[in-house]
Amino acid sequence: MRNGTYLWARAFGTFLSLVACASARTNAFSQRGEQTPQAESAAPNAAVAVRVDQGPKMDGTLGDPLWQLAKTISDFRQQEPYEGQPATERTEVRILYSRHAVYFGIHCFDSDASRIIASELRRDVSQDLDDHFEILIDSNHDRRGAYVFQVNPLGTQRDGLIVEEQRDNSSMDFDSGWDGVWTSEARTGVDGWTATIEIPFTTLNFTHSTDVLWGVNFKRFIRRKNESDLWRAYRRTFGITKVSQAGDLEGIKDIGSGRLFIVKPYGLARYDKQTGQDPKFPLTGGVDVKYGLTSNLVLNLTGNTDFADTEVDLEPFNITPFKVFIPEKRQFFLENAGVFNFSLGDQDQLFFSRQIGIDPVTGNQVPINGGAKLTGRIGGLELGVMDVDTRSSGPNPYSNFAVVRLKESLWAGSYVGVMGIDKRSGDILDSFNQTGGVDTRLVFFKDWFADAHMAGTQSPGSPSGNSDVGASLTYRSNWVEGIVERRKTGPNFNPEVGFVERPDSNETYGDLTFKVRPSIPTVRELQFEGFILHAPDTTGQVSTQEWQNTFRAEFHNGAYTDDDIVDVFTQRITTPFHIYKNVFIPNGLYHFARHQLTYGSGQDRKFTYNFFERFGGYYGGTLNEFRIRANYRPTAKFSISASETWDRFRLPLANGNFSVVLANLQGNYSFNRFLTFTSLVQMDTSNAQAVSANLRLRYNYRPDSDLYVIYNVGTQFASIAPSNPPQVRETRFAIKWTYSWQR
């Protein structure tokens, strides 16, 4: 690597010293399979795995006689809609293991099997519109993090990780960035649906062990009833993410080594033509390596990294003077991403991986020479170390990024951590940027959360006002949620490898939500929320203020309404805000109020839709935002979705009356679980009559090995910048082959 290697070396020096200091604790507690004090006697919530010489037949049924050797787990209780009540449909789980893998046999009984919903054949795509089943495995038995494996009645797979008992930034149960190698089959019958799942110990990086004690949990979702059933940890406020409340799995003994070792080379042939540039015909290749150094530490290496197979971003249109947060989609950065999480509040992050290898203005890919990432745990210490080196490309000079993240576990869900980030660049005006921070999360009485952080940055010239300090207190229960937060961000706080929506802010924020469950036949929950945000700049001058009252209703069939009764803004513009073509909102202090109506249809139908209407004042004029989205899934093989956003501006400016339309149409066809075709067509009228199309064929010809055929044409645009920059047009055709070799 070029620059920043001193921090990389220092990080590994720190890592080695931690290994030495923690060796006694590691020997006693951290080796997977070695008993902790909790395992000295059988846990009251224990399941038992039964040994077999060879695995059962993996055909999606429980017809193999071996399944009858296993003990049945069936005590499931509702998380939704009636917390703690027995599940309305019976569920049985059986667990077997051999020397090299663990097997789960699942029978989801259903009193009306004809109404089971199964429509998704694509791997790693949300199964929220389907019946599905989740398996949680805390193979380290540290009661803090876990693997999650999800399957629907078609056998379609989705998997991910839970880190520090936290969800990802959406409503999902787990962070879906991690991909494991496992097999699944499922069948639907007259009495419900069944599934068989085989998970190799290598996928769990689980080495040779005796007297194993795992944490396990199971969750079943019944789509037509909008019902979630869990074996353990069925509180509504946490659910399966509460790893510390999972049950135990006993009985696994004398298994073979399951050390993780995967070498995954790729080959890529591509035609690439962008506006104002000559066509390129690169023929290239690279490799990714994943190796389990120990049961608790995984090393990822990547060389000449390519992300041609990554899904394209939806084109955003920014109606605010702030940056837009666009989620990470690239696999190298997604894997174990939760280890590097350092939240500054809302969506702000001290480390934001999209700042590596992507031009922040145009969204173009910046070539990556290679990188290394070490993630895992030593006793109670969770660590993440990363180093990535990029080549110069267009306006982007070569850069090196080194990141170190350490978190010391306290009691359940609590930790104290540090983070350091060093960026070195070939830009002589911005040759380096360093970021450091300390943070903590403390959980009290299960329902109270205290979060705090201190962070600072250094850049050429060492400007003052380069810190960010904040703290919040959160309470969460079934009937009320509340948060109070204080945060001060200096005008020169500049984490170039992070994401900060609004610098130079002295923020006070409070939010309170009341939740009730009335005895109304179709209504599940009503919510009443109010929040206030007061964020002057650090000199005390009014900058941003907002207060809002919201009413929400959730219905038993998954339908919902989300209505802002009033949303009142005060916003100061200090730099003319480019909103559309040659239209700029001038500097000044603006006051306006907006209102919102939202409705989403029931989620148990082949055709679903939602619409959103927000209207009212906008920077001295008015703005109407209307958005509608519809999904149609006539069969498991075919689905189509369409959305359109229409923004109608009426501003007291020259050329201030205009409309912007964003629309997209997505079609998916699955020949089977392993051969899928997706298409996405987008239209954006914000700066030009822009249209783009992305066509993608994926053939998963063996586990973790794929052949992609990709065609992109039209506008490429995905920016986190606060303005709406010019768009880049491209024509790209690529064929990418990957092969996963596993020891």
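As the structure is a computational prediction, the values presented were derived from the model and not from experiment. (Residues numbered from 1 in each chain as written. Predicted model: local features only at pLDDT ≥ 70, side-chain atom pairs only at ≥ 80, totals over all residues. Heavy atoms only, no water.)

Q: Which residues make up the confidence of the model for the protein chain, and what values do they have?
A: Looking at the protein chain, the pLDDT average stands at 88 and 91% of residues meet or exceed 70. This stretch, residues 1-43, has a pLDDT under 50; its non-local contacts, to residues over four places away or in other chains, come to 83 contacts. (pLDDT = per-residue confidence, 0-100. Contact = heavy atoms within 4.5 Å.)

Q: Lay out the pairing of strand β9 (residues 183-189) with the relevant residues and their values.
A: Alignment of β9 against strand β10 (residues 192-200), held across seven bridges, turns out to be antiparallel. Note that in β10 the partner of Thr-188 across the bridge is Trp-193. Between β9 and β10, which pair antiparallel and follow one another directly, the connecting turn spans two residues. (Pairing = 2+ DSSP bridges. Helix = DSSP H or I, 4+ residues; strand = E, 2+ residues; numbered from the N terminus.)

Q: Account for unusual backbone geometry, naming residues and giving values.
A: Each neighbour pair has its own omega, and for Glu-80 with Pro-81 the value is 0°, a cis peptide bond. Locating Pro-81 in the fold gives a position in the loop between β3 (77-80) and β4 (91-97). Positive phi values are uncommon outside glycine, yet Asn-226 reaches one of about 50°. Position of Asn-226 among the secondary structure elements: in the loop between β11 (214-222) and β12 (227-230). A relative accessible area of 10% places Asn-226 in the buried class. At Asn-304, a position not held by glycine, the phi torsion is positive, near 50°. Along the chain, the position of Asn-304 falls in strand β16 (residues 297-305). (Buried < 20%, exposed > 50% of the residue type's maximum accessible area, 1.4 Å probe, protein only.)

Q: For the environment of Pro-491, give the residues involved together with the corresponding values.
A: Along the chain, the position of Pro-491 falls in the loop between β26 (480-489) and β27 (505-516). Residue classification places Pro-491 among the partly exposed residues on the basis of a relative accessible area of 42%. The spacing of Pro-491 and Glu-546 is 55 residues in sequence and 21 Å in space, taken between C-alpha atoms. Setting aside chain neighbours within four positions, we find Pro-491 in contact with Gly-465, Asp-504 and Thr-538.

Q: Describe the side chain of Glu-89, naming the residues involved and giving the relevant values.
A: Relative to the helices and strands, Glu-89 is located in the loop between β3 and β4. Its relative accessible area of 6% is what places Glu-89 among the buried residues. A polar side-chain atom of Glu-89 sits 2.8 Å from a polar atom in the side chain of Lys-225. (Polar contact = N/O pair within 3.5 Å; in protein donor to acceptor, adjacent residues only side chain to side chain.)

Q: Account for the nonpolar core, with residues named and values stated.
A: Core analysis: the largest hydrophobic core is formed by 39 residues, its most contacted members being Ile-95, Phe-104, Phe-133, Ile-199, Trp-214, Phe-218 and Ile-252. Only β4, β5 (101-109), β6 (132-138), β7 (146-151), β10 and β11 provide two or more residues apiece to this core. By size, the runner-up hydrophobic cluster in this structure holds 21 residues, among which are Leu-350, Phe-351, Met-386 and Phe-401. (Core = buried A, V, L, I, M, F, W, Y, C linked by side-chain atoms within 4.5 Å.)

Q: Tell me about the packing of aromatic side chains, and name the residues and values.
A: Aromatic rings in a pair are described by how distant their centres are and how their planes are angled relative to each other. In the structure shown here, the tally under the stated rule is 42 aromatic pairs. An angle of 20° between the planes, with centres 6.2 Å apart, marks the rings of Trp-737 and Tyr-739 as stacked. Look at Trp-737 and you get partly exposed, because its relative accessible area is 37%. Taken together, Phe-317, Phe-569, Phe-577, Tyr-580, Tyr-590, Phe-592, Tyr-618, Tyr-619, Phe-649 and Phe-658 form an aromatic cluster joined through their ring pairs. Seen from the ring of Phe-307, Arg-330 lies directly overhead, with NZ or CZ sitting 5.2 Å from the centre. Geometry around Tyr-415 places Lys-407 over its ring, the cationic atom sitting 4.6 Å from the centre. (Phe/Tyr/Trp six-rings, centres within 6.5 Å; stacked < 30°, edge-to-face > 60°. Lys NZ or Arg CZ within 6 Å of the ring centre and 35° of its normal.)

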